[in-house]
Amino acid sequence: MDYGNVTYALVSNERQFVVYMLTLMQDPEIYAGDTETVNGIIGNFMQLIQLKNSKLFLHSHQVANYAVSVAAKMRLPREEIERIRMAALLHDIGHITVPNQVLSKVPYLSTREMSVFKNHCNAGSCMLENIPSCQELIPYIRYHHERFDGTGYPKRLKGVNIPLGARIIAVANHYDRFINPCTQNWVKTKDEAVRELLSLSGMAFDPEVVRAFIDALG
């Protein structure tokens, strides 16, 4: 594939992209509003995700639902559950910087394609760095591909050094990729996906989060 010819546009709708870029040039104080304002910001980002890929849009909602269930099962404070919900909705916002040609090949990527794909964690968190009301979401988005054993990315964080919200989103994200995959190559049954989580407990995922997730599934 000649990457010089690949279009790295954020979305297919150029007008939407221009409007989005203009928002990043505004005074950050305009984003420091109440919950309604934050939900509006998240809604705008979700529109961009939907324009990029309708399956990714559905995946984002599914991960948020799973993450909230796990956070509630772990008896986290209501405010933290809400932060996790919002971060889970936006955990893959960085995918709008990844060409569809790459996304469609996951998990079968070349070394160069994998480098492009892995950058979505940093790209997504950078999109929020100018929005004061979203600052607490950034670590959950940036580190949701870290692994409990320290072999993940982008920072190779290990164990409890990975923010709890990111650890929860990681489990929800992995499970939903199997149950409602963006590519048919990843289709598994619910039982197979649960066994996969158990086999990766303590390596890729926090064992406590995995237990809470399975309990939440009932």
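In this report, the structure presented in the accompanying data block is examined.

### Some words on the packing of aromatic side chains
Here the distance between the centres and the angle between the planes together describe a pair of aromatic rings.
Okay, step 1: Enumeration over the complete set of coordinates arrives at three aromatic pairs.
Okay, step 2: An angle of 90° between the planes, with centres 5.3 Å apart, marks the rings of Tyr 66 and Tyr 175 as edge-to-face. Note that Tyr 66 is positioned in helix α3 (residues 54–73) and Tyr 175 in helix α9 (residues 164–179), a separation of 109 residues in sequence.
Okay, step 3: Between the aromatic rings of Tyr 66 and Phe 213, the centroid separation amounts to 5.6 Å while the plane-to-plane angle is 55°, which identifies the pairing as tilted. Of this pair, Tyr 66 sits in helix α3 while Phe 213 sits in helix α11 (residues 207–217), and the two are 147 residues apart along the sequence. Considered together, Tyr 66 and Phe 213 belong to a single accessibility category, that of buried residues.
Okay, step 4: Ring pairing ties together the aromatic residues Tyr 66, Tyr 175 and Phe 213, which thus form one cluster.

### Brief notes about the pattern of salt bridges
Okay, step 1: Applying the stated criterion to the full structure yields seven salt bridges.
Okay, step 2: For Asp 92, the salt bridge is made with Arg 177, and the minimal N-O distance between the two is 3.0 Å. One end of the pair, Asp 92, is in the loop between α4 (78–89) and α5 (100–103); the other, Arg 177, is in helix α9, with 85 residues separating them in the sequence. Of the two residues examined, Asp 92 and Arg 177, each falls in the buried class.

### Side note on the nonpolar core
Okay, step 1: Ranked by size, the top nonpolar core spans 50 residues in total, and within it Phe 45, Ile 84, Leu 90, Leu 128, Ile 168, Phe 205 and Phe 213 carry the most contacts.
Okay, step 2: With residues near it in sequence (within four places) discarded, Ile 168 still touches Ala 67, Val 70, Ala 71, Met 74, Leu 76, Ile 84 and Val 209.
Okay, step 3: Counting residues in hydrophobic clusters, the runner-up holds eight residues, among them Val 102, Val 106, Phe 117 and Cys 121.

### Description of the environment of Gln 47
Okay, step 1: Looking at where Gln 47 falls in the secondary structure, it is placed in helix α2 (residues 35–52).
Okay, step 2: Note on Gln 47: relative accessible area 42%, which makes it partly exposed.
Okay, step 3: Taking the C-alpha atoms as reference points, Gln 47 and Phe 57, separated by 10 residues in sequence, lie 8.4 Å from one another.

### A look at the environment of Ala 172
Okay, step 1: Position of Ala 172 relative to the elements: it lies in helix α9.
Okay, step 2: Residue classification places Ala 172 among the buried positions, given a relative accessible area of 0%.
Okay, step 3: Separated by 108 residues in sequence, Ala 172 and Ala 64 have C-alpha atoms that sit 7.9 Å apart.
Okay, step 4: Every residue in contact with Ala 172, bar those within four places of it in the chain, is listed here: Val 63, Tyr 66, Ala 67 and Phe 213.

### Brief notes about the side chain of Arg 177
Okay, step 1: Relative accessible area serves as the criterion here: at 15%, Arg 177 is assigned to the buried category.
Okay, step 2: Of the polar contacts made by the side chain of Arg 177, one reaches the side chain of Asp 92; its length is 3.0 Å.

### With respect to the packing of α4 against α9
Okay, step 1: Orientation of α4 relative to α9, taken along the N-to-C sense of each, is 50°, at an axis distance of 10 Å. Between α4 and α9, the angle is such that the two are oblique. Relative to α9, α4 is oriented so that their crossing is right-handed. Facing Ile 84, Ala 87 and Ala 88 of α4, the residues of α9 in contact are Gly 165, Ile 168 and Ile 169.
Okay, step 2: Across the contact of α4 with α9, the residue classes break down as five nonpolar, one polar and no charged.

### Comments concerning the environment of Asn 173
Okay, step 1: Relative to the helices and strands, Asn 173 is located in helix α9.
Okay, step 2: Sequence spacing of Asn 173 and His 91 is 82 residues, and the spatial spacing of their C-alpha atoms is 8.9 Å.
Okay, step 3: Apart from residues lying up to four places away in sequence, Asn 173 is in contact with His 59, Val 63, His 91, Asp 92, His 144 and His 145.

How each quantity is defined
- Residues numbered from 1 in each chain as written.
- Predicted model: local features only at pLDDT ≥ 70, side-chain atom pairs only at ≥ 80, totals over all residues.
- Heavy atoms only, no water.
- Phe/Tyr/Trp six-rings, centres within 6.5 Å; stacked < 30°, edge-to-face > 60°.
- Helix = DSSP H or I, 4+ residues; strand = E, 2+ residues; numbered from the N terminus.
- Buried < 20%, exposed > 50% of the residue type's maximum accessible area, 1.4 Å probe, protein only.
- Salt bridge = Lys/Arg side-chain N within 4 Å of Asp/Glu carboxyl O.
- Core = buried A, V, L, I, M, F, W, Y, C linked by side-chain atoms within 4.5 Å.
- Contact = heavy atoms within 4.5 Å.
- Polar contact = N/O pair within 3.5 Å; in protein donor to acceptor, adjacent residues only side chain to side chain.
- Axes fitted to C-alpha atoms, helices over the stretch in contact; angles between N-to-C directions.
- Parallel < 35°, antiparallel > 145°, perpendicular 65-115°, else oblique.
- Left-handed = near helix turned anticlockwise from the far one by under 90°.
- Nonpolar A, V, L, I, M, F, W, Y, C, P; charged D, E, K, R; others polar.

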